[in-house]
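Secondary and tertiary structure notes
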Amino acid sequence: MLALLASGSRRSSYSSNNKLAESENAAQNSNNMSWGTELWDQNDNLAIHTHKGIEGLDRYASFLRDRVAIEAEYAGKLRRLVKNYQPKKKEEEDNEFTTMQAFRNVLKEVGDLAGQREIVSESLQNQIILGVTLLSKTLREDRKKCLSDGATLQQNLNTQLTSLERAKRNYEKAYRDSEKAVDSYKRADMDLNLSRAEVERYKNVMTTKIQQSDDAKNEYANQLQKTNNLQQQHFSMMLPAVLNRLQELDEKRTRGFKEFIIGAAEAESSVAPIIARCMEGIVKAGESIDEKEDSSKVIERYQSGFTPPRDIPFEDLSKSDPDAVHDSHYSNPTANHLTMRGTMSANKLKKRVGIFNIFGSNKQRQIIEACITMKNSLTADGQKEDFSDLPPNQRRKKLQAKITELQQKIGQETNARDGLMKMKIVYEANSSLGNPMTVEGQLNESEHKLEKLKVDLKKYQGFLEKANQVQMATSSPQANRNQLQNGHRTSRHSNGSADDHHDDGDDQPDDAGSLSSSSASPESGLGTSHTSLPGSGQGSANENAIGEDTYYETEVEALQPLGTCRALYPFEATSEGSIPMNEGEELQVIEIDQGDGWTRVRRANNSNGWDEGFVPTSYIECTLYA
């Protein structure tokens, strides 16, 4: 029995030494600082540590979610801020100033900043938070499995230890019983009073007890060997494997934490160059502000084109006509830029008579009403169609913008018409593609729109031409040679006095009272003129003078040239007062078109004199002096 115990102990010791050596080698080969070898007895603490680590990862995920919400809210508020401060439609005129342009660029850059914050938010949400959530879920599942495996290993070890303890108790009890049986046999064998049968019974009991003790001893030895082997495997292989898995799990969490923090920083760093460019754009917008340019644009916007009022002349009541003095108090200084049309031959000035009342009263009234209706037609924004209610400079600016708009519409409509024509040609070539008649209606409508746009364009070009002519007349040296005061035409004489010509039918020369020829010649003042106004009288003398050329001549100096012109087409003079010209001929302009379609020019003749007369305005290209 002792030999069996000794042999069992040697085998158990040999097996334990081998297992320890293998575990030590494995530990040295894998990692000298592994949890399986260094923390073999800290299973509970490691379970707590890994649990706290995963909770820390979840806390970081919650932090990222809150940050994403803040980033999204910040981006949304930036978007709303940009939207709220976008220029209103009624403020579009102010966009030409550099300050407003810079502010609009700032809003654009802030909108781009909001977009970059949205990108950061999306990157954190789709990459970092999703990765953290997935890693946390994986770690929890792996940790649960590791702890379950560790608990199973510990339970198996505890079961084996319980079996060993039970075998040891059985062995101890059997050994004590065998010792008692040996003592009882020895006493019975020495007792001479006992029969041989009784002694033999004690001997059999002793033999049975010794056999039971040996069996219990063998069982104890067997359980001890199993326990030692299991314990060796438990602490050298199985438990370290579980603890090493926990270590890998925790290192994976730590490594993931590191990667997620770096990834979050990279998500923001990736948009940093764009944000920097946005900042550069804002700085550039600020640097683009030019106070001098804005001042010039204020002048361009609000400049009326009128000249400041002249000095008020001294009126000597003792030397002036009382009626003229009375009328001078009601003279309109803003109408001084209006001129009269006249004809000059050599040094004689033939002023054209007025053209009022050249038609019958009913026809005249109809023409005047039609002109007034056209003149007072308003645009959608409440302005007159020709913008004549605006100052000259603003009027030209509005007309030019309208012309540009119409040209763009004409280009678009022309492209649409060309497309329809190509479609019609394709349909006619291959009827299976479509019916050409379906395009015919659209083509007719497009042609109608295009024709209407061209008519409008020509109309506004005429408005602009008249506006430019008014401006040239205002700025010319001869602008004030004739004045219109208090609704009557006047003519300045050399002595500086003004003669008012009233339409009273007397014998005095009067532009308003005199009548010109009803023909379309330049001296008649008819043509395409729209400047004639009613109110010059309806005397019978005027009515009887229709069809007759009436002039009065006054000695005056030759007019100074206002500029030069070049003949675009040849012109044959067919009426009195006009002169012929050849294509490309250079002439001097001495009186601009007053709205009747004729311009007064002159040229040097072969006798060292001057030929003067009228030519059609549409036949020449004028270049006026500044």
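This text goes with the structure placed above it.
Figured I'd write up the structure that's included with this text. (Residues numbered from 1 in each chain as written. Predicted model: local features only at pLDDT ≥ 70, side-chain atom pairs only at ≥ 80, totals over all residues. Heavy atoms only, no water.)

Examining the environment of L130
- For L130, the location among the structural elements is in helix 4 (residues 98-190).
- Residue L130 is classed as exposed on the basis of its relative accessible area, which comes to 55%.
- On a C-alpha basis, the gap between L130 and A61 in space is 8.8 Å, while along the polypeptide they are 69 residues apart. (Helix = DSSP H or I, 4+ residues; strand = E, 2+ residues; numbered from the N terminus. Buried < 20%, exposed > 50% of the residue type's maximum accessible area, 1.4 Å probe, protein only.)

Some thoughts on the packing of aromatic side chains
- Overall, the coordinates contain nine aromatic pairs when judged by the stated rule.
- With centroids separated by 5.7 Å and ring planes inclined at 0°, the aromatic side chains of Y171 and Y220 adopt a geometry described as stacked. On the criterion of sequence distance, the pair formed by Y171 in helix 4 and Y220 in helix 5 (residues 196-269) is long-range, its members being 49 residues apart.
- On the basis of relative accessible area, Y171 is assigned to the buried category, the value being 14%.
- Geometrically, the ring pair formed by Y569 and Y619 is edge-to-face, given 5.6 Å between the ring centres and 75° between the ring planes. Separated by 50 residues along the polypeptide, Y569 in the loop between strand 7 (563-567) and strand 8 (586-591) and Y619 in the loop between strand 10 (610-616) and strand 11 (620-624) bring together distant segments of the chain.
- Classification of Y569 by relative accessible area gives partly exposed; the value is 45%.
- Overall, Y619 belongs to the partly exposed group, its relative accessible area being 29%.
- Put simply, the rings of Y569, F571, W598 and Y619 pair up and form one aromatic cluster.
- Lying over the aromatic face of Y202, R201 brings its terminal NZ or CZ to 4.8 Å of the ring centre.
- Against the face of W610 rests R602, its NZ or CZ located 5.0 Å from the ring centre. (Phe/Tyr/Trp six-rings, centres within 6.5 Å; stacked < 30°, edge-to-face > 60°. Lys NZ or Arg CZ within 6 Å of the ring centre and 35° of its normal.)

Side note on the side chain of D593
- By secondary structure assignment, the location of D593 is in the loop between strand 8 and strand 9 (598-604).
- Reaching out from D593, the side chain makes a polar contact with the backbone nitrogen of G597 at a distance of 3.1 Å. (Polar contact = N/O pair within 3.5 Å; in protein donor to acceptor, adjacent residues only side chain to side chain.)

Observations concerning the packing of helix 4 against helix 5
- Where helix 4 meets helix 5, the closest approach of the two axes is 6 Å, and the angle between their N-to-C directions is 170°. Accordingly, the angle class assigned to the pair helix 4 and helix 5 is roughly antiparallel.
- A class-by-class count of the residues in the contact of helix 4 with helix 5 yields 38 nonpolar, 19 polar and 17 charged. (Axes fitted to C-alpha atoms, helices over the stretch in contact; angles between N-to-C directions. Parallel < 35°, antiparallel > 145°, perpendicular 65-115°, else oblique. Nonpolar A, V, L, I, M, F, W, Y, C, P; charged D, E, K, R; others polar.)

So, the pattern of salt bridges
- On inspection of all chains with the given rule, the structure shows 26 salt bridges.
- A salt bridge links E71 to R67; its shortest N-O distance comes to 3.7 Å. In this pair, E71 and R67 both sit in helix 3 (residues 43-84), four residues apart, roughly one turn of the helix.
- On the accessibility criterion, E71 (9% relative accessible area) is buried. (Salt bridge = Lys/Arg side-chain N within 4 Å of Asp/Glu carboxyl O.)

Regarding the sheet that holds strand 9
- Overall, antiparallel pairing links the five strands, which are arranged 10-9-8-7-11 in an open sheet. Whereas interior strands pair on both sides, the edge strands pair on one side only; in this sheet they are strand 10 and strand 11. Adjacent strand axes in the sheet meet at a mean angle of 35°, parallel and antiparallel pairs treated alike.
- Bridging between strand 9 and strand 10 involves seven bridges; their strand directions are antiparallel. Its bridge partner being in strand 10, R602 is matched across the sheet by E612. (Pairing = 2+ DSSP bridges.)

Considerations on helix 4
- For helix 4, built from 93 residues, the straight-helix expectation of 138 Å at 1.5 Å per residue is met to within 8% by its first-to-last C-alpha distance of 134 Å.
- A bend of about 35° at L124 is the largest found in helix 4. (Expected span 1.5 Å × (residues − 1). Bend = angle between axes of the 7 residues up to and from the residue.)

Focus on the side chain of E109
- Here E109 lies in helix 4.
- For E109, which is buried and forms no salt bridge, the nearest opposite charge comes from K108, at a distance of 4.5 Å.
- In this structure, E109 is in contact with R277, C278, G281 and I282, ignoring residues within four places of it in sequence. (Lys, Arg positive; Asp, Glu negative; His and termini not counted. Contact = heavy atoms within 4.5 Å.)

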